[in-house]
Amino acid sequence: MIKLIKKKIEENPRRWHEILSEALLAHRISRHGATKVTPFELVYGQEAVLSVEVNLDAYRLAKQNDLSAVDYYDLMMDNIDEVSDKRLQALMEIKKDKLQVAIAYNKKVRAKSFQVGELVWKTILPLGTKSNKFGKWSPSWEGPYKIVKVIFGNSYMVERCKESVFHGHLMEDT
């Protein structure tokens, strides 16, 4: 969506306010890969009627004009009932896509487990926090820590080592 807006605005930067609404309309009436339906259809239960179709007297509009008001109302109410089904189907499609992404991602993940007595480093949380003293050179790990107990689910109890090993030399922990 953002790529579409950027592309359109680069072509006509002084008309950005007009182009934004065009880009939003294009987004709302386009079928999305994740849901397999248009956002407009998920909200209103039917496809949008474009002004071009109105001007060219499209077939579906001609059929609509032949209906009585009662028949048209009944058809619209039937579509409204189907909206929740379309929304559920769209949700199932999104879940299926998320599962495929997770499977692809998890192919690259290697499980690692530790045993009691092993030395490990601990991530400093929250990630990305910076010390005033070091700025962007702030460490993101601390330790070493020694595994004391293995808990279910890849969780561990650790204790800070009294002495730490650094390039083969023992150093006092400060």
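1. Examining the overall build of the protein
- A count of helices and strands for the protein gives six helices and five strands.
- Reading the protein from its N end, one meets helices and strands in the order α-α-α-α-α-α-β-β-β-β-β.
- Among the 174 residues that make up the protein, the fraction classed as buried is 13%.
- Of the contacts formed within the protein by residues at least 6 apart in sequence, a portion of 36% connects residues at least 24 apart.
- When the accessible surface of the protein is split by element, carbon and sulfur atoms take 59% of a total near 14700 Å².

2. What about helix H6 (residues 69-106)?
- An ideal rise of 1.5 Å per residue puts 56 Å on 38 residues; H6 measures up with 55 Å between its terminal C-alpha atoms.
- The axis of H6 is deflected most strongly, by about 30°, at Glu82.
- Listing the buried residues of H6 in full gives Val83, Ala90 and Glu93.
- If you follow the buried residues of H6, they end up packed against helix H3 (39-44).

3. A few points about the packing of aromatic side chains
- Per the stated rule, a full pass over the model turns up two aromatic pairs.
- With centroids separated by 4.6 Å and ring planes inclined at 45°, the aromatic side chains of Phe40 and Tyr44 adopt a geometry described as tilted. Of this pair, Phe40 and Tyr44 are both found in helix H3, four residues apart, which corresponds to roughly one turn of the helix.
- Measuring from ring centre to ring centre gives 5.6 Å for Phe114 and Tyr156, while their planes differ by 75°; the resulting arrangement is edge-to-face. Of this pair, Phe114 sits in the loop between H6 and strand S1 (119-123) while Tyr156 is found in strand S3 (residues 155-160), placing the two residues 42 residues apart along the sequence.
- Accessibility expressed as a relative area gives 26% for Phe114, which makes it partly exposed.

4. Looking at the packing of helix H1 (residues 2-11) against helix H2 (residues 16-28)
- Two elements in contact, H1 and H2, have axes separated by 9 Å at closest approach and are oriented at 145°. The handedness of the crossing between H1 and H2 is right-handed. Note on element contacts: H2 touches H1 through Trp16, Ile19, Leu20, Ala23 and Ala26, opposite Leu4, Ile5, Lys8 and Ile9.
- Broken down by class, the residue content of the contact of H1 with H2 amounts to eight nonpolar, no polar and one charged.

5. Here's the deal with the side chain of Thr38
- Within the element layout of this structure, Thr38 appears in the loop between H2 and H3.
- By relative accessible area, which is 5% here, Thr38 ends up buried.
- There is a polar contact of 3.0 Å between the side chain of Thr38 and the backbone nitrogen of Glu41.
- Setting aside anything within four residues of it in sequence, one finds Thr38 in contact with Arg28, Ile29, Ser30 and Arg31.

6. So, the confidence of the model for the protein
- Residues with a pLDDT of 70 or more make up 83% of the protein, whose mean pLDDT is 79.
- Here strand S5 (residues 169-172) stands out as the element of the protein with the lowest mean pLDDT, 47, in contrast to S3, whose mean of 91 is the highest.
- When the criterion is pLDDT under 50, residues 167-174 qualifies, and its contacts beyond four places in sequence or with other chains add up to eleven contacts.

7. Some points on a nonpolar patch on the surface
- A surface patch of nonpolar side chains, about 440 Å² in accessible area, is lined by Val148, Ile151, Phe152 and Met157.
- Inspection of the secondary structure puts Ile151 in strand S2 (residues 141-151).
- Ile151 gets classed as partly exposed once you look at its relative accessible area, which sits at 36%.

8. Some thoughts on the pattern of salt bridges
- Per the stated rule, a full pass over the model turns up seven salt bridges.
- A salt bridge links Lys36 to Glu93; its shortest N-O distance comes to 3.9 Å. A residue pair is termed long-range when its members are at least 10 positions apart, and Lys36 in the loop between H2 and H3 and Glu93 in helix H6 qualify at 57 residues.

How each quantity is defined
- Residues numbered from 1 in each chain as written.
- Predicted model: local features only at pLDDT ≥ 70, side-chain atom pairs only at ≥ 80, totals over all residues.
- Heavy atoms only, no water.
- Helix = DSSP H or I, 4+ residues; strand = E, 2+ residues; numbered from the N terminus.
- Buried < 20%, exposed > 50% of the residue type's maximum accessible area, 1.4 Å probe, protein only.
- Contact = heavy atoms within 4.5 Å.
- Areas by Shrake-Rupley, 256 points an atom, 1.4 Å probe, with all protein chains shown as cover.
- Expected span 1.5 Å × (residues − 1).
- Bend = angle between axes of the 7 residues up to and from the residue.
- Phe/Tyr/Trp six-rings, centres within 6.5 Å; stacked < 30°, edge-to-face > 60°.
- Axes fitted to C-alpha atoms, helices over the stretch in contact; angles between N-to-C directions.
- Left-handed = near helix turned anticlockwise from the far one by under 90°.
- Nonpolar A, V, L, I, M, F, W, Y, C, P; charged D, E, K, R; others polar.
- Polar contact = N/O pair within 3.5 Å; in protein donor to acceptor, adjacent residues only side chain to side chain.
- pLDDT = per-residue confidence, 0-100.
- Patch = residues over 30% accessible without salt bridge, like charges linked within 9 Å, V, L, I, M, F, W, Y side chains within 5 Å.
- Salt bridge = Lys/Arg side-chain N within 4 Å of Asp/Glu carboxyl O.

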